[in-house]
Amino acid sequence: MIRGMKNWFCLLSSLVVLEGAAQTNGSDVRMDFEKYNPPSTLVVPEHKVTRAKFPFIDVHNHQFGMPDMDLNVLIRAMDQLNMQVMVNLSGQTGDRIKKSVNNIRTNFPKRFLVFANVNFQGVGSDGWGEKAAQQLEEDVRNGASGLKIYKSLGFSVTDVSGKRVPVDDPRLDPVWKKAGELRIPVLIHTADPKPFWQPMDEKNERWLELATHPNRKKDDTNPAPWDTLIAEQHRLFKKHKGTTFIAAHFGWYPNDLAHLGALLDEMPNVMVEFGAIIAELGRQPKMSKWFFTKYQDRILFGKDSWVPDEYATYFRVLETEDEYFPYHKKYHAFWAMYGMGLPDDILKKIYYKNALRIIPGIDKSQFPD
Ligand SMILES: [Zn+2]
């Protein structure tokens, strides 16, 4: 993709020369990377999709206010998108879960699920793992349908002595074991896109994201090398074969699907979801279609940030064979999208069948066969 970036800069510099010659008598005119965003002049068939072809389950959503929010507001947006079930990964723990579940059961019992979160304070103190596992059991008894682990594990979670807790720290084992016993999935986000660890220069595909979100920059000591974090996650998956894990954001290998496929072959207890990485799939429609065909039982629909208008890009990449259409966030992708044109039987698995299989407690009658 460095080549793509070079082409882009070549295009930009030739444009600069033209404009400079025409308007400023040859003086050097430069344009801001963010500003240069020309509407495409390409004329090809367009199939904009604002509503998914089938009812779907979004397994990666965050609604921090769920204990006391008016769910009607969400339902109106969900109905327009054809989102039948929203999985709120930010269920927290204890009373917060009880309140969210109560709000759901009172108002829309079939439309929302909550996942519990672990409070990592005190790792390293006596019996921490057993207590955390007990809390998870209680949260599930109170209605949680899964466990979500934030990227803070690996990044910022420390033990009682102040040391970074690795993702596969054995002191957390009781939690993963308990999730397996309870037959609930663990959706886990580890690390971030690899370019966040690379020098922030003209060769970095996420340069704009780092320029606009400086706190996302990482390096080998802050907090650890990318490969180390990813290796920790994979050791965790392999150690707990009886627990189903959902690797968030395609495990940060959406730009190397052959490698991700090999990882899935190696780790049959792992699923993936594509929250925030559809731009990677949309730039390689042939490879993506190969992956979605071969691994059609291992992929879940996830979006992450709750911006209802942005779902249209996801639907269009999955459902259509449209060419060169815009993505919605330049700091994820300064390139255009192409659709995979997935057939209905695969779409149904991605949209709901795989989630129905691995997440307990969803009413199947809301979905077609
Ligand atoms: Zn998330």
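Criteria and thresholds
Residues numbered from 1 in each chain as written. Predicted model: local features only at pLDDT ≥ 70, side-chain atom pairs only at ≥ 80, totals over all residues. Heavy atoms only, no water. Pairing = 2+ DSSP bridges. Helix = DSSP H or I, 4+ residues; strand = E, 2+ residues; numbered from the N terminus. Contact = heavy atoms within 4.5 Å. Axes fitted to C-alpha atoms, helices over the stretch in contact; angles between N-to-C directions. Buried < 20%, exposed > 50% of the residue type's maximum accessible area, 1.4 Å probe, protein only. Phe/Tyr/Trp six-rings, centres within 6.5 Å; stacked < 30°, edge-to-face > 60°. Lys NZ or Arg CZ within 6 Å of the ring centre and 35° of its normal. Donors = N, O, S within 2.8 Å, 3.2 Å for Na, K, Ca; no water. pLDDT = per-residue confidence, 0-100. Right-handed = clockwise from strand over helix to strand, strands pointing away. Salt bridge = Lys/Arg side-chain N within 4 Å of Asp/Glu carboxyl O.

**Section: the sheet that holds strand β4 (residues 146-149)**
Piece 1. Taken in spatial order, the eight strands make up an open sheet running β1-β2-β3-β4-β5-β6-β7-β8, and their pairing is parallel. The open sheet is flanked by β1 (56-61) and β8 (299-300), the only strands paired with a single partner.
Piece 2. Bridge count between β4 and strand β5 (residues 186-188): three bridges; the pairing is parallel. The residue bridging K148 from the neighbouring strand is L187, located in β5.
Piece 3. Helix-sheet contacts for helix α6 (residues 173-182) involve β4, β5 and β6 (245-247), and the interaxial angle to β4 is about 150 degrees.

**Considerations on the environment of H213**
Piece 1. Counting through the fold element by element, H213 comes out in the loop between α7 (207-212) and α8 (226-239).
Piece 2. With a relative accessible area of 19%, H213 lands in the buried category.
Piece 3. With 118 residues separating them along the chain, H213 and Y331 place their C-alpha atoms 9.7 Å apart.

**Some points on helix α2 (residues 71-81)**
Piece 1. Here α2 has its buried residues at L71, L74, I75, A77, M78 and L81.
Piece 2. At the C-terminal side of α2, N82 shows a positive phi close to 75 degrees.

**A word on the packing of aromatic side chains**
Piece 1. Per the counting criterion, the structure on display carries 33 aromatic pairs.
Piece 2. On the basis of an interplanar angle of 85 degrees and a centroid distance of 6.3 Å, the ring pair of W290 and Y295 is categorised as edge-to-face.
Piece 3. Since its relative accessible area comes to 35%, W290 is described here as partly exposed.
Piece 4. Judged by its relative accessible area of 4%, Y295 falls in the buried class.
Piece 5. Above the ring of F155, the side-chain terminus of K218 is found at 4.7 Å from the ring centroid.
Piece 6. Residue placement shows K303 over the ring face of Y311; its charged tip is 5.5 Å from the ring centre.

**Structural notes on the coordination of the zinc ion**
Piece 1. Protein ligation of the zinc ion involves H60 (NE2), H62 (NE2) and D304 (OD), the donor distances falling in the range 2.0 to 2.5 Å.
Piece 2. Ordering the donors of the zinc ion by residue number gives the pattern H-x1-H-x241-D. Taken together, the residues H60 in strand β1 and D304 in the loop between β8 and α12 (311-319) connect sequence positions 244 residues apart. A single burial state applies to H60 and to D304, both of which are buried.

**Considering the confidence of the model for the chain**
Piece 1. Looking at the chain as a whole, its pLDDT mean stands at 94, while 93% of the residues score no less than 70.
Piece 2. Across residues 1-22 the pLDDT falls below 50, and counting only partners more than four positions away or on other chains, this stretch makes 26 contacts in the model.

**Digging into the pairing of β1**
Piece 1. Within β1, six of the six residues are buried, which leaves it mostly tucked inside the rest of the structure.
Piece 2. Sheet topology places β1 next to strand β2 (residues 83-88); four bridges connect them, and they run parallel. Following the sheet pairing, I57 is matched in β2 by V85.
Piece 3. The β-α-β motif built from β1, the intervening α2 and the parallel element β2 has right-handed crossover chirality.

**Notes on the pattern of salt bridges**
Piece 1. Under the definition given, this model contains 22 salt bridges.
Piece 2. Between R171 and D159 there is a salt bridge, and its shortest N-O distance comes to 3.1 Å. Pair noted here: R171 is in the loop between α5 (152-155) and α6 and D159 is in the loop between α5 and α6, with a separation of 12 residues, a long-range link.
Piece 3. Using a relative accessible area of 33% as the deciding quantity, one classes R171 as partly exposed.
Piece 4. When the shortest N-O distance is used, the salt bridge between D322 and R316 registers 2.8 Å. For the pair shown, D322 and R316 are each scored as buried.
Piece 5. Salt bridges sharing partners connect three or more residues here, namely E137, K177, K178 and E181.

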